[in-house]
Amino acid sequence: MKKLIPVGVFVVIILGASFLFIYNSSSPLTPGSKQTNESSINTSFSNPKKSAHYESNTPEHGSTLAGVPINVVINFNFDLAVPSDIKIENDGKDYGIGETEIDENKLSMRKNMDPNSPNGIYTVNYKACWPDGSCHDGGFQFAIDRTQDSSYEDMIGQNEITIRMSEIQFMPKNLKIGKGTKVTWVNNDEVEHFVNTDSHPAHTYFPNQNSKALKTGDTYSVTFSDTGIYLYHCSAHADSMIGSILVE
Ligand SMILES: [Cu+2]
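Draft legend 1. Spotlight on the overall build of the chain. Scanning the chain from N- to C-terminus turns up one helix and 20 strands. Within the chain, residue pairs in contact and separated by at least 24 positions form 58% of the contacts whose partners lie at least 6 positions apart. Here the chain has roughly 13100 Å² of accessible surface; of this, 53% comes from carbon and sulfur atoms.

Below you can see the structure in the form of structure tokens.
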């Protein structure tokens, strides 16, 4: 009789552990409490689920964007292989366009997004697969809320605009431009700056927007020919020197 008690406790622990395991593997995103303020939509995000070899993604988990991202990009530290896949859903509808693409260096995969995607919370579920044929799941969320563009400087109608890099800031930091606008960054600081597309340090969201080191007086230009939001930063000051361009 004495021996039965420890055995009973053992059985309960095993049952409890199996239940937790099943619960976790059947729900890709567990309810979370990350909240963002100043948004007209209810942005309450689930906790992200990170797969093996995951590094970062753009848009970032829990971010609320003033426009539609041109694509969703997820970065890894291991070679991706088919059939890796990204799904971008809102209210049960898929807003991804075309096939999931694996970048040439095999460390990132991306899916283009419908430029007419409505405001709301988007859930990204992905399957990352490796050369040995195994796959792992992951997921995260972001929101689109076009009313957030009120904090963007409206420069629509100008064919060429300049962003100054001054006092370790992009000035203006957030701006709205029309399709086909040429944007030129100029470094007015004594220290070196960079223009790098998010995330840091993968710089994969919009690979055409990555400069070399810019010394005092150096310039760098990009012409934006597609609508959407372009999230970027300076990789020398990645925590504080961030900017965003909304192309309409
Ligand atoms: Cu900088």
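Draft legend 2. Seen up close, the confidence of the model for the chain. In the predicted model, the chain carries a mean pLDDT of 89, and the fraction of residues at 70 or more is 83%. Long-range and interchain partners of residues 1–5, a stretch whose pLDDT sits below 50, account for zero contacts in this model, where long-range means more than four residues apart. Of the regions scoring below 50 in pLDDT, residues 33–37 engages in 13 contacts with residues more than four places distant in sequence or in other chains.

Draft legend 3. How the structure looks around the coordination of the copper ion. Around the copper ion, the protein supplies His 193 (ND1), Cys 234 (SG), His 237 (ND1) and Met 241 (SD) as donor atoms, at distances of 2.0 to 2.7 Å. Taken together, the four donor atoms coordinating the copper ion and their angles of 85 to 127° define a geometry best described as tetrahedral. Taken in sequence order, the residues that donate to the copper ion follow the motif H-x40-C-x2-H-x3-M. Residue His 193 is found in the loop between strand E16 (181–187) and strand E17 (196–197), and its partner Cys 234 is found in the loop between strand E19 (228–233) and strand E20 (242–247); the two are separated by 41 residues along the sequence. Note on His 193: relative accessible area 0%, which makes it buried.

What counts and how
Residues numbered from 1 in each chain as written. Predicted model: local features only at pLDDT ≥ 70, side-chain atom pairs only at ≥ 80, totals over all residues. Heavy atoms only, no water. Helix = DSSP H or I, 4+ residues; strand = E, 2+ residues; numbered from the N terminus. Contact = heavy atoms within 4.5 Å. Areas by Shrake-Rupley, 256 points an atom, 1.4 Å probe, with all protein chains shown as cover. pLDDT = per-residue confidence, 0-100. Donors = N, O, S within 2.8 Å, 3.2 Å for Na, K, Ca; no water. Tetrahedral: all angles 85-135°; square planar, octahedral: opposite > 155°, others 65-115°. Buried < 20%, exposed > 50% of the residue type's maximum accessible area, 1.4 Å probe, protein only.

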